[in-house]
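Each chain, written out:
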There are 2 protein chains.
Amino acid sequence: MSTSSWSPSASISTLITTSALTKTKPSGSHETVALKLIAEAQSKGYERICMPLTTEAWRKRWTEMCLVPYDDVSSETKTFKRESRRESRLVLRDLSVESKAEAWRENPCFERDEVTITRLDEAENVTAIISEWLELDAEDDGIRYDAEIALQQELAYASYLNIQTAILPAPRNRHHVASYARTVRACLQNPFLSLAVRLPVYDTAVLDPSSPLSPSSSASLSSAPSTPRLVVSNIANVPNRTSPSPGPLEAHIDAAWETWDLIRSICDYNIRLTLALDLTPPLPNSPGVLSKWAAEAVRYIFLPASTFIANAKGYPVLPKPTQNFIRDSMTHRPNIVISGASSGLHVRGGEDAYLQYVKHLERTSTVVQAAGTVGTVEYFAQGYQDYLQAPLQPLMDNLQSITYQTFEQDPVKYRNYEEAIHKALLEWPQQDKIILCVAGAGRGPLVARSLSAVERSKRDNVHVYAIEKNPNAFVTLQNRQRSEWKDRVRLLFGDMRVIQMPEKVDILVSELLGSFGDNELSPECLDGAMRFLKPQGISIPSSYTAHLAPLSSSKLYNEARAVKDEKSLETPYVVMFQAVNLLSGDGPGLSGLCGSQVQECWEFEHPRKNSVLDARGLPPTNSHNARSANLRFYIPHAGVLHGLAGYFEAVLYGNIGLSIHPHRKDQVSKDMLSWFPLFFPFKEPLYLPGNSELQVSIWRLTNERQVWYEWHAESFLGSLPSAARVPSSGVQPLPSSLISSPTMGVPSPLIDAIDLGPRSSVIMRDIPDRPAATLVKIGHTSLHNAGGRSSWIGL
Amino acid sequence: MSTSSWSPSASISTLITTSALTKTKPSGSHETVALKLIAEAQSKGYERICMPLTTEAWRKRWTEMCLVPYDDVSSETKTFKRESRRESRLVLRDLSVESKAEAWRENPCFERDEVTITRLDEAENVTAIISEWLELDAEDDGIRYDAEIALQQELAYASYLNIQTAILPAPRNRHHVASYARTVRACLQNPFLSLAVRLPVYDTAVLDPSSPLSPSSSASLSSAPSTPRLVVSNIANVPNRTSPSPGPLEAHIDAAWETWDLIRSICDYNIRLTLALDLTPPLPNSPGVLSKWAAEAVRYIFLPASTFIANAKGYPVLPKPTQNFIRDSMTHRPNIVISGASSGLHVRGGEDAYLQYVKHLERTSTVVQAAGTVGTVEYFAQGYQDYLQAPLQPLMDNLQSITYQTFEQDPVKYRNYEEAIHKALLEWPQQDKIILCVAGAGRGPLVARSLSAVERSKRDNVHVYAIEKNPNAFVTLQNRQRSEWKDRVRLLFGDMRVIQMPEKVDILVSELLGSFGDNELSPECLDGAMRFLKPQGISIPSSYTAHLAPLSSSKLYNEARAVKDEKSLETPYVVMFQAVNLLSGDGPGLSGLCGSQVQECWEFEHPRKNSVLDARGLPPTNSHNARSANLRFYIPHAGVLHGLAGYFEAVLYGNIGLSIHPHRKDQVSKDMLSWFPLFFPFKEPLYLPGNSELQVSIWRLTNERQVWYEWHAESFLGSLPSAARVPSSGVQPLPSSLISSPTMGVPSPLIDAIDLGPRSSVIMRDIPDRPAATLVKIGHTSLHNAGGRSSWIGL
């Protein structure tokens, strides 16, 4: 159902080098060298082949035409006098060379020896590796200009051979990434080609050059493609100012991502632009900094044999952090490109070992396993990952039977409801008669669970009512009453907000919750039902809370933009998140005011206390159901904000609840299927630097006829004199006057009952001992869904 | 031609206070108090009246319904427990009060004594001052909710009375400005009302409370509206990290602007939202920080009598910085609101003195005077301020006679051309015959100037050709030849790029320049004309450069958005700038790499040296006319980037030139009228914090058929450990390897000849002695005009 081009099934490719193409001779049934090598790769089990399109001859001709030998030009002149290279090229050499270059620029054309393949059958299943030596981001703009012509020439040739995807040379120069990106954007105007930007996960020069892991920086031209170096101009000055300060590797990974972000932003998130992430450098053992790649279009992963280490028996395996990263990446079903497998780097296992090992990683990936296990949310959600659904509006629309059926499959939700009802019955004074009412009975699952709870409780004086306003579902209810429930249930047809009940009830059971808790108008419906709840009666659920976290996802941003509706970016969607990354981290941030990764917005309780009611027993206005929240998130790593992830948590009764809060759902209601999270999109992506803070405002608004949300975000960068850094020990509670996030310190009946592990221990620091933090506002997003026409829930 | 609602003619209002309304009795021919006060104000010369709509009675009722006495709630609970106020209100007082509040929320309605006026004639020429005590940004969301209902009620009443504009209570609480703004956005859905946000130019609490300039913070309810206080949460921590550090007042002015920026951004730059700038606080003597208001929709300026000081004779005058600010603001023709004129604060002049003084400021305003002086650009440009024009494309379109006529009015351009030609003739070897050719003669002004220069030079062996491709203009040329020039000129009809000339020429005179120099394809046209220039021949102009500066302007952003064309934000416009502010400052910035306020992008020289030419004498490709620039600007004060301002400077011959560069035009070609600057818009505004850096990339691109520009910007925030601050003395030259901005150190023949004053002394610091600067990327804009369909100049 999604149209994205970057999540086909996972596959494994091999990389054929120029050197292999040169050394091999055609033989046997294979008419050309390329056909022979391709057949060999396929017989070894590789599904696709990556190979260069051009030969050393082309590089030689282009270099002679377009470059002046470097030693002819002093480095000072070269870099800093504009137009200098262009001029000096003309000054330093024959005009005849420049004439050749002009002839080429006018009609770019390869000669036969300058390309590796010429036939359609040679190009089948081939991904083209574009000439790596093309400097699209050279300092000299003459070189950039000529590199762009050469790139367009090569892409046109790939397109002629029906090749679908080309992998571009890596960006190398932070100062000219915008020029690189502009060129890529121009190339994307060819509608038949997908382009992948090759990007080392960080600049390998960071590594000690004497380290065996550090790839040689002077790769010979005919060898396997070397891992390109990204020269990041400000890298020596990468943020290292406040605790927790990112380590140097983390900073370099952030810098590599920043380069990618600039490229895909300038290319306006074109879905034909993807990422070929080069995992040659060893990864750090801190998954936080790597999680941002989950939100990006990583379509290729480069894995040279040199990245593998030998295990105890001498077989090639990957270092632990790289293993984990590959396993996690398997959700995206990337194309894994293995190179150098035949070079004999490892003693045991032979060439086949690398491919088998990668397949083993896929099989043992948690996400792949979960998707294959009946009963998990991942299994249930197959095909729905990152797919935008409009939230249900059961108050306005009568649901279809098939919709009820889907949600009735949930094994956890109804179990917890039964437990809650059971517990409530047990705790009810023994002598009393109990009136129980299911408000919004649908096709009857909660009625059945109520009866089951009554039976288990061995209370024989429980009367059960069931109210339903959907006339179609009411037929099903009547049928079940006749065949199953008989006189143990009394059915009532009507809207709980206006229906006349024969008597007041003790226990009111409802399930009107949306992904964000109140977003299917549970508060408004239950306001109406409170008319017939006794003063000491209870509601199941007794309360629910809404939770938010800032989210990055190129995929969801593109999906929301693609919805052909002016308001597509002003509406929240129900989404099973996959290619997303939560940008927030736990921690107080520089201001000391930031809360946890996911923060609570607000709460609704039933029944309300001390409410003003009119003669009908209804609140005169809905103003008591307006809410707002002002949350402050700590953003540890640079990222792009595309929206907000919304979750809910409900207390049914006592310590029994329902939760889709990412850190608590497994403790509260593991494997519950009924709710995917909510996604509140932003119209324009907002760039957030590492170690910054994000202030999110969200409002639940209401008038006489409608309820809607509006949301907004502002970003701040903190800055603290380095001499005054606070040690990350010294964990002391914040003075309550400084707590802005309501998630801290609010007791939850669910938390009290369940050990939440380390996640729940919010780290706080003593503000008064810290030097005053400096916060500088750096950006904001637009407001969305601002009332009026874009209101989205009718009352 | 512009549709903006915020630049009507300037006017002066008076403010009628609640107290005056209470104390006055109706008398004489005036049926009501309001009518009497209004008639009095008009008789004193005020054009409009600002007055409150509600009385003390309304405040009393609203307060009793919606607020709990503050001392009932401990301050800790109040501010930090969400929903606490709402709950505590219910707990602490009678449900009957809450019932009253609910009844009001359901049907908001004033009683007669709660409003000041009731009749249409009372509301004529009245601007409503909304109840100042409404806290739209209160900490408590119950109070905010009720304040919003009260605001909507009051606006509806104003609208009922046909009032056009309402001035809103000032935002007070930085933490909840987003809530304030959301409310304003909701109110703007009433299409009949314009809203102005009252904003003190900075928080008056900054001032020493003992100072006589500091207004009393406890204004009594019936007195004139007090200057509202803006509580800026992070104000104690405002940027103070690097030199030059903004002074405390500057920081507070930036903070006030930041509040306004957030409000109008959330309101999506609605043109019915304007600013009522309160100038009660004394202004600092540093115009830089105030210039940002020039780019904003300042429609009202509040000037209480207490802001005036007494001059030597005891008459009220304004402090110098306030005088200057008001004079500069007169371009916007604001509504100046004088209050307290009758309170007798100053010994001399009486009530009339304030109004007369403001009128005196308007008369003596430089901008107003310039607009009234024949011969100035301001006079010439009347009605064209901030009006977007598509740049001319004289190569593609044949110009109309009226267009030629407009530009021929320029007294300066043709004078400088004649001087340049004259000088060139004088410097030409005496014995030689000289062939002079005007390429692109139009209706002949340069031909006439050439002949005049020849005459003055007393060279009798000069032959003059004139080429023109516009067949219509060619008729005019023939007419002038017959009537004026006779055989002193030989006319040739055709395109200079292909025309066959009877002989080669020594001096080629052309005027093909656009606002950005090369943007009307002068380089491409002159490439063609070089065919018939002798090897030692000269071109007038001999070179030209393009210049850029980052620009803020709400007005231009809205104008560009309003163009009903998908590509409206991907096209540069010719604009006479008025409501704009250049965001850049001179100075190296934190990186040490920033250039001056306006920076040079690139240069074109004619004739080109060492060029490769084909058999026809033409360059085989246009690649030599591609250009790119990567500029780094220092941003001293927070602002919003809406686009780039483009300028050109041309060297005609020797030290004679043409310039619209804002710092050099007066020295090079004062009062030249022919070119307004170019405006390159950005699709999305980019927020730039104070003391940040902006990296701008711009490309001049070309293929066989087209030339176009693309542009992009990225912002960086600098951060330097405070202990390591560099003293602002120690001015030493940058090592050349660190100079990225080409404007530095490139000798200009125009600068050599003309003393540019202090502007030209670029302040540089010695980088090696500085600690490494930390730069953090914080944002970027989208790329625009990216080739293809959006190309905009045909070759």
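Predicted model only: the values in this text are computed from it and were never measured.

### Here we look at the pattern of salt bridges
Residue and element names in this part refer to chain B. Summed over all chains, the structure comprises 68 salt bridges over all chains. Notably, a salt bridge pairs Arg198 with Asp278, separated by 2.9 Å at the nearest N-O pair. Of the two residues, Arg198 sits in strand S5 (residues 194-200) while Asp278 sits in strand S6 (residues 273-278), which places them 80 residues apart along the sequence. Assigned by exposure class, Arg198 and Asp278 land together as buried. A salt bridge links Arg705 to Glu704, with the nearest nitrogen and oxygen atoms 3.3 Å apart. Classification of Glu704 by relative accessible area gives exposed; the value is 66%.

### Quick word on the domain arrangement of chain A
Residue and element names in this part refer to chain A. For chain A, the assigned domains read domain 1 (12-235 + 248-308), domain 2 (401-511) and domain 3 (543-607 + 629-794). Taken residue by residue, the interface counts 16 residues in domain 1 and 16 residues in domain 3. When domain 1 packs against domain 3, the two sides together hide about 1,200 Å² of surface, and 50% of this comes from carbon and sulfur. The largest share of the area that domain 1 buries against domain 3 comes from Trp257, Tyr269 and Ala295, three residues that together contribute 44% of it. The interface formed by domain 1 and domain 3 includes 1 salt bridge. We note a salt bridge from Arg561 to Asp268, for which the minimum N-O separation is 3.1 Å. At the boundary of domain 1 with domain 3, the tally comes to 8 residue pairs in polar contact (both at pLDDT 80 or more). For the side of domain 1 that touches domain 3, the secondary structure elements donating two or more residues are helix H10 (248-266) and helix H11 (287-290). Counting residues per element, the side of domain 1 that touches domain 3 draws most heavily on H10, which supplies 6 residues.

### With respect to the side chain of Gln597(A)
Residues and elements named next belong to chain A. Relative to the helices and strands, Gln597 is located in the loop between strand S18 (581-582) and strand S19 (599-605). Given the relative accessible area of 13%, Gln597 is considered buried. A distance of 2.8 Å separates polar atoms of two side chains, one belonging to Gln597 and the other to His663.

### Observations regarding the pairing of strand S21 (residues 639-653) of chain A
All names here are of chain A. Taking burial as the measure, the 15 residues of S21 include 15 buried ones, the bulk of the element. In the sheet, strand S16 (residues 543-552) pairs with S21 via 9 bridges, with the strands oriented antiparallel. In the sheet register, His547 faces S21, and the bridge partner there is Tyr647. Sheet analysis places S21 next to strand S23 (residues 678-688), joined by 7 bridges and oriented antiparallel. Bridging across to S23, Ala645 finds its partner in Phe679. Taken together, the 4 bridges between S21 and strand S22 (residues 656-659) define a ladder with antiparallel strand orientation. Each bridged residue has a counterpart across the sheet, and for Ala650 the counterpart in S22 is Leu658. Linkage of S21 to S22, two consecutive antiparallel strands, is achieved through a turn of 2 residues, within which Gly654 is found at a positive phi near 60 degrees.

Criteria and thresholds
Residues numbered from 1 in each chain as written. Chains lettered and ligands numbered in written order. Predicted model: local features only at pLDDT ≥ 70, side-chain atom pairs only at ≥ 80, totals over all residues. Heavy atoms only, no water. Salt bridge = Lys/Arg side-chain N within 4 Å of Asp/Glu carboxyl O. Helix = DSSP H or I, 4+ residues; strand = E, 2+ residues; numbered from the N terminus. Buried < 20%, exposed > 50% of the residue type's maximum accessible area, 1.4 Å probe, protein only. Domains from an automatic or database assignment. Contact = heavy atoms within 4.5 Å. Buried area = accessible area lost by both parts, 1.4 Å probe. Polar contact = N/O pair within 3.5 Å; in protein donor to acceptor, adjacent residues only side chain to side chain. Pairing = 2+ DSSP bridges.

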